[in-house]
Structures are given as C-alpha cells and as structure tokens.
Amino acid sequence: MQISKISDNELRKLLKADLADIGTDGTGLYSQTNKIALNTNMYTLIIGIGGTGWRALANIKRYMLNNVRDYSNNVAFLAIDADTDELDGSILDPNTEVARVSVDASEADRELNIPENRSDYVKEWINPGYHVAHDEKGANKIRQAGRGKLYTINMSNGRPNDQLVMDKIAQVRSQLGQVSQVMIVAGLSGGSGSGMLINVAMLTKIVLRNLGPDIKAFCFLPDTIEQICGINARNSLYANGYAALKELDYYAGLSQRSGFSDIFTATNGNSVTLDKDNLLFDSITLISGSSSRQSYRDANEKAMDVFVESVVNMLSAGMQANVSNGSVSTSQSNQSLLSFLSNGQSGRGEMLSHAVQSSGKVMAGWYLDDNFCYSGIGVASASIPQKVCTSYIVSSII
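Quick caveat, the model's predicted, so the values are computed rather than measured. (Residues numbered from 1 in each chain as written. Predicted model: local features only at pLDDT ≥ 70, side-chain atom pairs only at ≥ 80, totals over all residues. Heavy atoms only, no water.)

1. Examining the overall build of the protein chain
Tallying secondary structure elements over the protein chain gives 13 helices and 11 strands in all. For the protein chain, the proportion of its 398 residues judged to be buried stands at 45%. Considering only intrachain contacts with a sequence separation of at least 6, the fraction spanning at least 24 residues in the protein chain is 69%. Per element, the accessible surface of the protein chain, about 19,500 Å² overall, is 48% carbon and sulfur. (Helix = DSSP H or I, 4+ residues; strand = E, 2+ residues; numbered from the N terminus. Buried < 20%, exposed > 50% of the residue type's maximum accessible area, 1.4 Å probe, protein only. Contact = heavy atoms within 4.5 Å. Areas by Shrake-Rupley, 256 points an atom, 1.4 Å probe, with all protein chains shown as cover.)

2. Considerations on the packing of helix H8 (residues 192–207) against helix H10 (residues 234–252)
Taken N-terminus to C-terminus, the directions of H8 and H10 make an angle of 25 degrees; their axes are 9 Å apart at the nearest point. Taken together, H8 and H10 sit at an angle that is classed as roughly parallel. Counted together, Ser194, Leu197, Ile198 and Met202 of H8 and Asn240, Ala244, Glu247, Leu248 and Tyr251 of H10 form the full contact between these two elements. (Axes fitted to C-alpha atoms, helices over the stretch in contact; angles between N-to-C directions. Parallel < 35°, antiparallel > 145°, perpendicular 65-115°, else oblique.)

3. Some remarks on the environment of serine 156
Mapping serine 156 onto the fold places it in the loop between helix H6 (143–149) and helix H7 (161–176). Take serine 156: its relative accessible area is 67%, and that puts it in the exposed class. C-alpha of serine 156 to C-alpha of arginine 100: the two residues are 56 residues apart in sequence and 9.3 Å apart in space.

4. A few points about the side chain of threonine 44
Within the secondary structure, threonine 44 sits in strand E1 (residues 44–49). Among all residues touching threonine 44, those that are not within four sequence positions of it are Asn74, Val75, Ala76, Leu176, Gln181, Met183 and Leu315.

5. Points about the sheet that holds strand E8 (residues 283–287)
The sheet built from 7 strands is open, its strands ordered E3-E2-E1-E4-E5-E8-E11 with parallel pairing. The open sheet has two edge strands, strand E3 (98–100) and strand E11 (375–377), and neither has a second partner. Mean inter-strand twist for the sheet, computed between neighbouring axes without regard to direction, equals 20 degrees. Sheet strands touched by helix H2 (residues 50–67): E1, strand E2 (75–81), strand E4 (181–187) and strand E5 (214–220). Its angle to E2, the strand with the most contacts, is close to 155 degrees. (Pairing = 2+ DSSP bridges.)

6. What to know about the environment of glycine 289
Position of glycine 289 among the secondary structure elements: in the loop between E8 and helix H11 (299–315). In this structure glycine 289 comes out as buried when scored by relative accessible area, which is 1%. With 69 residues separating them along the chain, glycine 289 and phenylalanine 220 place their C-alpha atoms 8.4 Å apart.

7. As for the nonpolar core
Within the largest apolar cluster, 56 residues are counted, with the highest numbers of intra-cluster contacts made by Ile47, Ile80, Ile184, Leu197 and Phe281. When residues of this core are assigned to their parent elements, the largest contribution, 9 residues, is made by H8. When sequence neighbours within four positions are dropped, the list of residues in contact with phenylalanine 281 reads Ile184, Leu197, Ile198, Ala201, Ile215, Lys216, Ala217 and Leu248. Core analysis: the next-biggest nonpolar cluster, separate from the first, contains 29 residues, Met64, Tyr71, Val98 and Leu315 among them. (Core = buried A, V, L, I, M, F, W, Y, C linked by side-chain atoms within 4.5 Å.)

8. Here we look at the packing of aromatic side chains
Enumeration according to the criterion identifies 6 aromatic pairs in this entry. Between tyrosine 121 and tyrosine 151, the ring centres sit 6.4 Å apart and the planes meet at 5 degrees, which makes this aromatic pair stacked. With a gap of 30 residues between them, tyrosine 121 in helix H5 (residues 120–123) and tyrosine 151 in the loop between H6 and H7 connect regions that are remote in the sequence. A residue is classified by how much of its surface remains accessible, and tyrosine 121, at 25% relative accessible area, is partly exposed. One aromatic cluster in this structure is built from Phe218, Phe220 and Phe307. Cation over ring: arginine 147 sits above tryptophan 125, and NZ or CZ is 5.7 Å from the ring centre. (Phe/Tyr/Trp six-rings, centres within 6.5 Å; stacked < 30°, edge-to-face > 60°. Lys NZ or Arg CZ within 6 Å of the ring centre and 35° of its normal.)

9. Notes on H10
If you check H10, its first and last C-alpha atoms are 26 Å apart, about what 19 residues at 1.5 Å a residue would give, namely 27 Å. Among the residues making up H10, those that are buried are Leu237, Asn240, Gly241, Ala244, Leu248, Asp249, Tyr251 and Ala252. (Expected span 1.5 Å × (residues − 1).)

10. Comments concerning the pattern of salt bridges
A full pass over the atoms with the stated rule returns 8 salt bridges. We note a salt bridge from arginine 110 to glutamate 107, for which the minimum N-O separation is 3.0 Å. Taken together, the residues span about one helical turn, with arginine 110 and glutamate 107 both in helix H4 (residues 105–113) at a distance of 3 residues. In this structure glutamate 107 comes out as partly exposed when scored by relative accessible area, which is 22%. Each of Arg143, Arg147 and Glu247 takes part in salt bridges that share partners, so that together they form one network. (Salt bridge = Lys/Arg side-chain N within 4 Å of Asp/Glu carboxyl O.)

Put into structure tokens, the structure is as follows:
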C-alpha cells in the first residue's frame, strides 16, 4: 500500500483517529488502558516563562491528562508571564499554577524609565538609556522590559514580582513535598521568556537550595515562532534570541572557569553564588523548528509537539536518567531517548578541535567564547509503516 500526497494534518488524524472511542477492548491503533506510567521516584516542577513557556505547559498538561496515569503526586506546573490576559481561560489552574507578573504601566515607567528611581537590582543590568512606553500586555518583545517587570511592584499585592515568583515556587514545593528536578521552558525570541529566563532560574535555585534539584532549561529558538510573528518581527526575534544565547553561553561556560563566581541577590536579600561547582543549569536544550534541509511552515506546532512528547518520555517510568559530568545513565528500555545529553563534554571537545589549528591559533569564523554544552530537540518527517496503517484500517472496518 502506497500513501502519497497526504497532508500533515491527515497524518496526525490517522495516528490519533478513534483514540477516544477505543475503550478497553484494545482494538484500534492505541488503547486507553495502555497509558504512560511516570517515574514515581522523580518529583518535577515544570516552569513556563512568557507566551511560549505557558503554552508549552498547557500542552504538556493536556497531553498528560489524555495519555498519562495519575501525575499529580509527581509533577507540578507554574506559568510565569507579564501578559496576564494570555493566561486567562487556559487549562492551567489560575490559583496554583500561575504567577501573574502584572504591573501598572505608569508604575513601570516610573521605576524603570527614570534613572534615579531604579533599584540596585535593576541598575546592574539595564541600559542607562533605557526608555520604553510600558503597558500591561507583556513585554512587547523587549527583553529588558520583561526582566524589568520582574523587579517592578506587583499590581495586586504591592510587592516586587520576583518575590511573588519565589512564593509560588515555595507553594509548589509544599504541594509536591520535594522537588528532584526543575524544567524551565521559555522562548528566546520574545520579551518575557527571553528576558526573565536567567533570573527565574536563579530565584528557583534560591528557593530550592536545600533540595538541590537538577535544573534543566528548554529553550525555543527564533525559528520556531518566526512564521507566527511575521517577517516584520524577524529582526527583533533573532536579536532577542542572539542576546539570550550569549547569556546562556556565559552561565554554561562557568563550568570551564576555575576560581570564578557570580553572586545573584533577590529583592528580599536572599542570594545564590554560581561557580563551576554550582551551575545555573545542569543542562540546556535548544529546540528548533527547522532542519538542515528546510524550514517548516508550521514550525511552532511541530516543535511544540516534539517537545511535549520528549518531556513526557523523560518523565516516564521507563526513563530514569542521571546526568553527571556530561554522562547519562538510563534504563535499558530507553537508552536512546536522552542520548543527546550523554556526551556533552566530549561533544564540546570535538567541536573545539575543529576551531583551533595545530599551532594553537583560532581558525577564521570560530570564537573561543562560543559554548558547546548544549543539547538539541528538532523536527523531522517520517513515514508511517505500512503494517501500522493496514492494522488500523482493518480493525476500524471490522
């Protein structure tokens, strides 16, 4: 049987058809009785920052509700966004799974635009000439506006928003009882996700310092959202992405710097020291919507689908990963799933070997401040095996 000229939507429908009607008799392509079991020894907090981040969380939660056995004891969600309208009506619980970094526009103008009003926390990183007409609808693809709102007084409780985020993380910790890993999801192209990623990770380390969980970053690259935002926004998307990646380079590169440290302090006075033995992220995964051959028209949807399934697989009972010093050990049934994490240090060495000549000089087009301690999740195309199609069609007809 040959399938030709079939659209992506038709393929998805074919794979998912009749899923809700299969029941418990095991007929059809999948059975609802064969839901995924999570690793009950793993307690995971998944944080989504900005529009891409909270949409990722909503998709993960929706997927888990449909395909995973009870997860409430092992997985918790927290969406953080400056555009609070986006969070309305989502599948996420507004009381326990959402941190609304909401600010009054005039207050943001006063605290961020006027140099003498800026707090010490803001002066450390803000451009001295920063001046933006703020609103209450997010960060408008301006990274410093997104980060600035994290340190602006919250409209609802009169406290800095970073303290609101810390309170929400502590609330989730109480809900789970313990946290063994944190997954932080953000798009690198907008203002909120790109601007808040580093700071939210630091706040997380402060709140959970006694538990010492692995903190993993999952970052959507600009090519995953370019088609949605349009050609006019392309320059700002890629400028934000580049700036965010250079920040990630800096903190990932701490693993290569002996005797160097960086101290981060929250507005409540609590701090965390980062160095080669206490990295900001234990792993960083970049998510792309294109391949070496092509850019996909629906890159955002494809990348999101692949990411959601990858995360659920990482949390499943068949996957018990231990990441340490660039190596990963997993259960035999899923040896290949986290192979992209297994050789971070050797991969970095391999890349750098192509950058430096035998004389020790750096080759043209390479920069020693580039960091190669990244993993990747991408999109691709595949064919449905003939036997799978035949089995499904026959069972549906009968």
